Amino acid sequence: MPPTSMATPPALRIEVRDVEPATPAVAPALCFRLDLRADAPVQALTLATQIRIDATARGYDGQAPQRLKELFGPPEEWGRNLSSLLWTQTVTHVPAFDGSTTTPVTVACTYDFDVAAAKYLHGLPDGEVPLRFLFTGTVFYLDDGRLQAACLPWDTEADFRMPVTVWKDLMDRHFPDTAWIRLERGTFDRLYEHRVRHTLPGWDDAVRSLLETSGG
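Since this is a predicted model, take the numbers as computed values, not measurements.

1. Structural notes on the environment of His 194
In step 1: Mapping His 194 onto the fold places it in helix H6 (residues 185-197).
In step 2: For the pair formed by His 194 and Ala 206, sequence separation is 12 residues and the distance between their alpha carbons is 6.9 Å.
In step 3: With residues near it in sequence (within four places) discarded, His 194 still touches Leu 200, Ala 206, Ser 209 and Leu 210.

2. Examining the layout of surface pockets
In step 1: The computed volume of the largest pocket comes to approximately 680 Å³.
In step 2: Only H6 and helix H7 (203-214) provide two or more residues apiece to the lining of the largest pocket.
In step 3: Of the residues that constitute the lining of the largest pocket, the class distribution is nine nonpolar, three polar and four charged.

3. A closer look at the packing of aromatic side chains
In step 1: Tallying each qualifying case throughout the model produces 12 aromatic pairs.
In step 2: An angle of 40 degrees between the planes, with centres 5.1 Å apart, marks the rings of Tyr 111 and Phe 113 as tilted.
In step 3: According to the relative accessible area criterion, Phe 113 is buried, its value standing at 17%.
In step 4: Each ring, one from Phe 188 and one from Tyr 192, has its centre 6.2 Å from the other, and the planes form 15 degrees; the classification is stacked. You can see Phe 188 and its partner Tyr 192 sitting in helix H6, four residues apart, about one turn around the helix.

Conventions and cut-offs
- Starting afresh in each chain, residues are numbered from 1 along the sequence in its written order.
- Per-residue local features of the predicted model are confined to residues with pLDDT of at least 70, and side-chain atom pairs are confined, for both listing and counting, to 80 or more; whole-chain, interface and lining totals are unaffected and use all residues.
- To get the side-chain values, take all heavy atoms of the structure and skip hydrogens and water.
- For the purposes of this entry, the term helix denotes a DSSP run of H or I that reaches at least four residues, the term strand denotes a run of E that reaches at least two, and both are numbered from the N terminus.
- Residue contacts are defined here by distance: any two heavy atoms, one from each residue, within 4.5 Å place the two residues in contact.
- Cavity and pocket criteria rest on a 1 Å grid covering protein atoms alone: a 1.4 Å probe that fits but cannot get out defines a cavity, protein on both sides within 12 Å along at least 5 of 7 lines defines an open pocket, and an atom within 4 Å of a point defines a lining residue.
- Grid points are joined across faces, edges and corners, and a volume is the space filled by probe spheres set on the points.
- Residue type decides the class: Asp, Glu, Lys and Arg count as charged, Ala, Val, Leu, Ile, Met, Phe, Trp, Tyr, Cys and Pro as nonpolar, and the leftover types, Gly among them, as polar.
- Any Phe, Tyr or Trp ring, taking Trp's six-membered ring, that has another such ring centre within 6.5 Å forms a pair; planes under 30 degrees apart are called stacked, those over 60 apart edge-to-face, and the others tilted.
- Buried, partly exposed and exposed residues are distinguished by accessible area as a fraction of the type maximum, computed with a 1.4 Å probe on protein chains only: under 20%, between the cut-offs, and over 50%, respectively.

It is worth stressing that arrangement in space is one thing and function is another; only the former is reported here.
Pasting the structure below:
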């Protein structure tokens with residue numbers, strides 16, 4: 001009997017449908033919904049997703065160049081300095097489907113201004129964030145009744161333009177009218193001593209008094 005020919009792995013196409021705040025969530029997170037289509041039944045899919053901010057794919061005017069100067073340098077140097085930024089990486093396990101399915105990809109969001117992606121998102125006054133989703137992973141399928149596994153093609157990716165307001169509204173929901181910075185412990189101790197010494201009621205008052213003293 002001639003050997004049974006190996007079936008080709010299912011060909012997958014992935015698109016980003018939309019995004020919304022993840023619920024319930026103690027910490028800020030966004031939920032992207034992916035539409036997956038396959039030309040053959042899929043038994044399972046382990047999907048690794050890298051999300052990058054394609055900073056070169058939009059224009060910048062108004063206050064944006066000044067607010068993004070720390071990331072990319074002076075605007076006149078953006079021709080060589082403006083580049084994509086890694087936002088996050090995550091892994092999603094997709095159950096069996098035949099034809100098409102929708103799966104969520106949840107992305108934790110930080111307001112830590114030491115993180116380049118947070119600094120970029122905060123610096124945009126309006127418009128859209130150009131995102132590129134790069135997918136890798138393993139697709140499981142049946143070949144003559146036997147379970148097989150194959151890697152996703154290296155060029156499996158999708159683009160999505162996320163409204164800036166989605167991220168800003170999420171931050172406002174979790175941190176209303178506030179922002180976060182990280183201080184070295186020694187710097188914090190000095191700030192705390194300044195607050196106590198001048199009997200200032202809150203941290204805003206302590207920082208504000210230093211800014212007023214320095215003329216900032």
